[in-house]
Amino acid sequence: LRGRMDEDREAEAGRLNGTIDELRERLRAEEEGLRTAGLASACKVKELEDIIARGIEERRRMHEIIQELRGNVRVYARIRPFLPGDGLPPGDSTSFVSAGTGSTGHVA
């Protein structure tokens, strides 16, 4: 009877050792899969961060262009009325053409 119990224990121990080995292999495979997924995720995050950085640079560049153009428009459109001391002799008159509308006018 004792020999039979020893054989049963050895068979059970062998079966359990096989299960342990199988579980260890599955665990190793899962860890490798997670490691690979983690690397892929890190690469994707880096790629998206690069895209965002390029977008920010492009936005800044375009903002600077817009600001420069606004300033150029302000300088181009700056007009002031003729003042008495602007060098026109009394009674002289000057014609002008509006840059925005193309209409003409006369200053007396």
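J.: Tell me what's going on with the overall build of the chain, and back it up with residues and numbers.
T.: Looking only at helices and strands, the chain features 1 helix and 2 strands. Order of helices (α) and strands (β) in the chain, N terminus to C terminus: α-β-β. The buried share of the chain, reckoned over its 108 residues, is 1%.

J.: Lay out the pattern of salt bridges in plain terms, naming residues and giving numbers.
T.: Counted by the stated rule, this structure contains 7 salt bridges. Note that arginine 4 and aspartate 8 form a salt bridge whose closest N and O atoms lie 3.9 Å from each other. Of this pair, arginine 4 and aspartate 8 both sit in helix H1 (residues 2–77), 4 residues apart, roughly one helical turn. Looking at arginine 4, the relative accessible area reads 53%, which means it is exposed. Salt-bridge contacts for aspartate 50 lead to lysine 46; the nearest nitrogen and oxygen are separated by 3.2 Å. Taken together, the residues aspartate 50 and lysine 46, both in helix H1 and 4 residues apart, mark about one turn of the helix.

J.: I'd like a rundown of the confidence of the model for the chain, residues and numbers included.
T.: Confidence in the prediction of the chain, expressed as mean pLDDT, is 82, and 69% of residues score 70 or more. Least confident of the elements in the chain is strand S2 (residues 104–107), whose mean pLDDT is 52; most confident is H1, at 92.

The rules behind the values
Residues numbered from 1 in each chain as written. Predicted model: local features only at pLDDT ≥ 70, side-chain atom pairs only at ≥ 80, totals over all residues. Heavy atoms only, no water. Helix = DSSP H or I, 4+ residues; strand = E, 2+ residues; numbered from the N terminus. Buried < 20%, exposed > 50% of the residue type's maximum accessible area, 1.4 Å probe, protein only. Salt bridge = Lys/Arg side-chain N within 4 Å of Asp/Glu carboxyl O. pLDDT = per-residue confidence, 0-100.

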